[in-house]
Amino acid sequence: AQTVTQSQPEMSVQEAETVTLSCTYDTSESDYYLFWYKQPPSRQMILVIRQEAYKQQNATENRFSVNFQKAAKSFSLKISDSQLGDAAMYFCASTYNQGGKLIFGQGTELSVKP
Amino acid sequence: DAGVTQSPTHLIKTRGQQVTLRCSPKSGHDTVSWYQQALGQGPQFIFQYYEEEERQRGNFPDRFSGHQFPNYSSELNVNALLLGDSALYLCASSLGRGLGDTQYFGPGTRLTVL
């Protein structure tokens, strides 16, 4: 079975500092996508960043970037210059088949201290 | 451009009752997926609809059923409600069912079963 694991239930960062959230996954598929979603208290899941397994280059979106280590099956999210609005639950997710069924990790709750 | 909308926002039911949740996809999207998110957990895939047919299904009993209409909107029905069905139900839409097609989420419906 395909799995996604987030081993950090909670993380905390000082405003303007950098934080890294960890994610590991397990699959035997050769083609897949990995995602980070943000879920603020408003509950709406928002896509932060996505990475295709075939692409060597790590994806970046403004202050958000990933460290994709395919051999280690690791997909961490780095948030630079953290802002108060970054406080939320962050979910790592993956898709392995046509149809795009998302498999989510357990989430990491990020708090940002002013 | 309207995003994914869901109704109702909150719902309270008693055990044994039936419930219907509704979802309107993002404009132009033809695929709708439903997820159940228990408190403190990551979302779990229930099923996906495309061209008015169920295309994929997660590990959920037959009490969970759905429908997709010609305008791509969708309903999730749950019969014989159990206390364990209390959760946030998320709808996500995408254009197509490709491996990497991004899913956009609605704000969810919070279902409480007493």
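What counts, and at which threshold
- Residues numbered from 1 in each chain as written.
- Chains lettered and ligands numbered in written order.
- Predicted model: local features only at pLDDT ≥ 70, side-chain atom pairs only at ≥ 80, totals over all residues.
- Heavy atoms only, no water.
- 1 Å grid on protein atoms, 1.4 Å probe; cavity = no way out; pocket = protein on both sides within 12 Å on 5 of 7 lines; lining within 4 Å.
- Points joined across faces, edges and corners; volume = space filled by probe spheres on them.
- Nonpolar A, V, L, I, M, F, W, Y, C, P; charged D, E, K, R; others polar.
- Helix = DSSP H or I, 4+ residues; strand = E, 2+ residues; numbered from the N terminus.
- Salt bridge = Lys/Arg side-chain N within 4 Å of Asp/Glu carboxyl O.
- Buried < 20%, exposed > 50% of the residue type's maximum accessible area, 1.4 Å probe, protein only.
- Lys, Arg positive; Asp, Glu negative; His and termini not counted.
- Contact = heavy atoms within 4.5 Å.

Enquirer: I would appreciate a short explanation of the layout of surface pockets in the present structure.
Expert: A water-sized probe, rolled over the atoms, reveals where empty space remains. When its volume is computed, the largest pocket comes out at roughly 300 Å³. Forming the walls of the largest pocket are 18 residues, and the residues nearest its centre are Gln39, Pro40 and Met89 of chain A together with Gln37 and Gly40 of chain B. Of the residues assigned to the lining of the largest pocket, the class counts are 10 nonpolar, five polar and three charged. Of the volumes computed, that of the second largest pocket is approximately 180 Å³. What lines the second largest pocket is Gln2, Lys101, Leu102, Ile103 and Phe104 of chain A together with Pro43, Gln44, Phe45, Gly58, Asn59 and Phe60 of chain B. Only strand 11 (103-104) of chain A together with strand 5 (44-50) of chain B provide two or more residues apiece to the lining of the second largest pocket.

Enquirer: Looking at this structure, how should I read the pattern of salt bridges?
Expert: Where side chains of opposite charge bring their charged atoms close, a pairing between them can arise. As enumerated under the stated definition, the model contains six salt bridges over all chains in all. One salt bridge in this structure joins Asp26 of chain A and Lys73 of chain A, with 3.4 Å as the shortest N-O distance. Of this pair, Asp26 of chain A sits in strand 4 (residues 24-26) while Lys73 of chain A sits in the loop between strand 8 (64-69) and strand 9 (74-79), placing them 47 residues apart in sequence. One salt bridge in this structure joins Arg55 of chain B and Glu51 of chain B, with 3.3 Å as the shortest N-O distance. Its relative accessible area of 51% is what places Glu51 of chain B among the exposed residues.

Enquirer: Can you help me understand the side chain of Glu52 of chain A in this one?
Expert: Residue and element names in this part refer to chain A. Inspection of the secondary structure assignment puts Glu52 in strand 6 (residues 46-52). No salt bridge is formed by the buried Glu52; its nearest oppositely charged neighbour, Lys55, is found at 4.5 Å. Beyond its immediate chain neighbours, meaning those up to four positions away, Glu52 contacts Asp31, Tyr32, Tyr33 and Phe68.

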